[in-house]
Amino acid sequence: MTVTGPQGFRAAGVAAGIKASGALDLTLVVNDGPLDVAAGVFTRNAIKAAPVLWSQEVLKQQRLKAVVLNSGGANAATGPAGFQDTHATAEKVAQVLGTGAIEVAVCSTGLIGERLPMPAVLSGVDSSVRALDTTPEAGLNAATGVMTTDSKPKEAFARHENGWSAGGFAKGAGMLAPNLATMLSVLTTDAVVDKETLDRALRAATRITFDRLDVDGGTSTNDTVLVLASGASGVEPSEAELTELLTAVSLDLVQQLRADSEGATKDVDITVRGAASEADAIVVARTIAEDNLVKTAFFGSDPNWGRIAMALGRAPAQLAPETLSITINGATLFAAGTTAEDRSAADLSGRAIEVVVDLGVGSSAATIYTTDLSHGYVEENSAYSS
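The structure presented is a predicted model; accordingly, all values stated were derived computationally and were not measured.

Student: Help me out: how do you make sense of the side chain of Ser364 in this one?
Tutor: Here Ser364 shows up in strand E15 (residues 364–371). Separated by 3.5 Å, the side chain of Ser364 and the backbone nitrogen of Glu278 make a polar contact. For Ser364, the contacting residues outside a window of four places in its chain are Val272, Arg273, Gly274, Ala275, Ala276, Ser277, Glu278 and Ala281.

Student: Would you explain the packing of helix H1 (residues 50–58) against helix H2 (residues 79–97) in this entry?
Tutor: Each pair of packed helices can be summarised by the angle the axes make with each other and by the distance between the axes. Direction vectors running N to C along H1 and H2 enclose 55°, while the axes themselves pass 8 Å from each other. Considered as vectors, H1 and H2 are oriented oblique to each other. Note that H1 runs across H2; the crossing there is right-handed. Facing H1, whose interface residues are Ala50, Pro51, Leu53 and Trp54, H2 presents Gly82, Phe83, Thr86, His87 and Ala90.

Student: Explain the sheet that holds strand E1 (residues 9–14) here, please?
Tutor: Within a sheet, adjacent strands bond to each other through the backbone by hydrogen bonds, running parallel or antiparallel. Read from one edge of the open sheet, 4 strands run E1-E2-E4-E5, paired in mixed fashion. Across the chains shown, the open sheet's two edge strands, defined by having one partner strand only, are E1 and strand E5 (104–109). Between one strand axis and the next, the sheet turns by 10° as a mean value, whatever way the strands run. Across 6 bridges, E1 lies against strand E2 (residues 26–31) in antiparallel orientation. Across the sheet, residue Ala12 finds its bridge partner in E2, namely Leu28. Contacting E2, strand E4 (66–71) and E5, H2 runs over the sheet at an angle of about 130° to E5.

Student: Looking at this model, I keep getting lost on the sheet that holds E15. Mind explaining?
Tutor: Across the sheet, 6 strands lie side by side as E13-E12-E11-E14-E10-E15; this open sheet has mixed pairing. With one partner strand each, in any of the chains shown, strand E13 (338–339) and E15 form the two edges of the open sheet. When strand E10 (residues 267–275) meets strand E14 (residues 352–358), the two strands line up parallel, connected through 7 bridges. Within E14, the position partnered with Ile270 by the bridge is Val355. Strands in contact with helix H6 (residues 239–259) are E10 and E15; relative to E15, the strand with the most contacts, it is inclined by about 40°. Sheet contacts for helix H7 (residues 278–290): E10, E14 and E15; angle to E15, the most-contacted strand, approximately 20°.

Student: Got a minute to help me understand H2 in this structure?
Tutor: The α-helix winds at 3.6 residues per turn, so residues separated by three or four positions along the chain end up facing the same way. The terminal C-alpha atoms of H2, which comprises 19 residues, lie 28 Å apart, in line with the 27 Å expected from a rise of 1.5 Å per residue. Among all positions of H2, only Gly82, Asp85, Thr86, Thr89, Ala90, Lys92, Val93 and Ala94 are buried. Summarising the contacts, the buried residues of H2 are in contact with E2, H1, E4, E5 and helix H3 (118–131). Taken from the residues just after H2, Gly98 is the one with a positive phi, measuring 75°.

Student: It is not clear to me how the packing of aromatic side chains should be interpreted in this structure. Could you clarify?
Tutor: One pair of aromatic rings is described through two measures. These are the centre distance and the angle between the planes. Overall, the coordinates contain 2 aromatic pairs when judged by the stated rule. Ring geometry for Trp305 against Phe334: centres 5.0 Å apart, planes inclined by 35°, an arrangement best described as tilted. Of this pair, Trp305 sits in helix H9 (residues 305–313) while Phe334 sits in strand E12 (residues 331–335); the two residues are 29 residues apart in sequence, bridging distant segments of the chain. For the residue pair Trp305 and Phe334, the accessibility class agrees, reading buried in each case.

Student: I'm lost on the domain arrangement of the protein in this one. Help?
Tutor: If you check the domain split of the protein, you get domain 1 (9–260) and domain 2 (267–381). With 17 residues of domain 1 at the interface, the matching set in domain 2 holds 18 residues. Across the domain 1 to domain 2 interface the summed buried area is about 1,400 Å²; carbon plus sulfur atoms make up 41%. Counting the surface domain 1 buries against domain 2, the share from its top three residues, Arg212, Asp214 and Arg258, is 51%. Counting across the domain 1 and domain 2 interface gives 4 salt bridges. For Glu278, the salt bridge is made with Arg207, and the minimal N-O distance between the two is 2.8 Å. Examining the composition of the side of domain 1 that touches domain 2, we find that 5 residues originate from one element, H6, more than from any other. Split by residue class, the side of domain 1 that touches domain 2 holds 7 nonpolar, 4 polar and 6 charged.

Reading guide: rules and limits
- Residues numbered from 1 in each chain as written.
- Predicted model: local features only at pLDDT ≥ 70, side-chain atom pairs only at ≥ 80, totals over all residues.
- Heavy atoms only, no water.
- Helix = DSSP H or I, 4+ residues; strand = E, 2+ residues; numbered from the N terminus.
- Polar contact = N/O pair within 3.5 Å; in protein donor to acceptor, adjacent residues only side chain to side chain.
- Contact = heavy atoms within 4.5 Å.
- Axes fitted to C-alpha atoms, helices over the stretch in contact; angles between N-to-C directions.
- Parallel < 35°, antiparallel > 145°, perpendicular 65-115°, else oblique.
- Left-handed = near helix turned anticlockwise from the far one by under 90°.
- Pairing = 2+ DSSP bridges.
- Expected span 1.5 Å × (residues − 1).
- Buried < 20%, exposed > 50% of the residue type's maximum accessible area, 1.4 Å probe, protein only.
- Phe/Tyr/Trp six-rings, centres within 6.5 Å; stacked < 30°, edge-to-face > 60°.
- Domains from an automatic or database assignment.
- Buried area = accessible area lost by both parts, 1.4 Å probe.
- Salt bridge = Lys/Arg side-chain N within 4 Å of Asp/Glu carboxyl O.
- Nonpolar A, V, L, I, M, F, W, Y, C, P; charged D, E, K, R; others polar.

Shown next as structure tokens:
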């Protein structure tokens, strides 16, 4: 099940003609209530796309009736004209649905620096409203309509034993080091929740899921995660319960994003523990995850712990060689400042790789989800704009 799994939501994905291929390229998600509470987190990139600027503004009231998303163009670095295109898109959705533009978020993804074909976008809104439905197929189409270099749609759903649920979709296959969100994701829940609780729950969930995904060190101009609450279940969970379910759905999507990331042949978990602070654990794990020498070693199934030691040694964190250890797929290859087990003890022949670095200076820990760096990644990104 997907974004339409929770009660109170309809969705659609249509081929508006934004993409020359004729693939699905415009998605609409509508909250039919009775609540219209919403929250969002956005990219920290200083060059924010027009739809990010628009959606940040409308989210100040923490109410949304609808989200419209397009693939085939990021509408980023397009100046005032691009912002007007976003505004016009929200106005069109509002007009057709009989609501206000201030209740419509807009998301875009694709090539940076080009204007969207607005006649196609606006006619696509009409088509998407006609296609709105609550079925799993409608949710799948919605998830498909936001794909760019993704090879498959990403959907997730979880139901609480008390009868309320959460679902959602996400897209992203490259430029994934979100620093707050991911490329694009819409989450839904039929829980009864107030604005402040929903905002805190979303931020707590994304902090340890989307924000810990780092495929290539790139922070997109368009990164957005939105959550809409309809209240249609009639059940009001505790903040802890809401956070737990949103985290489960978000982590499911993150794992799918990583598995389908551009050129990836390895799924790599980098856990740093024994750190002086969580911030130190994150920066060490992220430094390892973004290091190209480490990533190419993973691609070659080479347990080259020396590259990991090199990478973590340049992280701005409290550490010392004599207290740290490096373990790869269960084999401790470096400890107390010198070689431990032979590197052949670490088997990297499968897809999953788990790196555990124990700094031995504290009690904090964090995990970053990353991949290897393959020929496929280079080839795909070298040809992306052509």
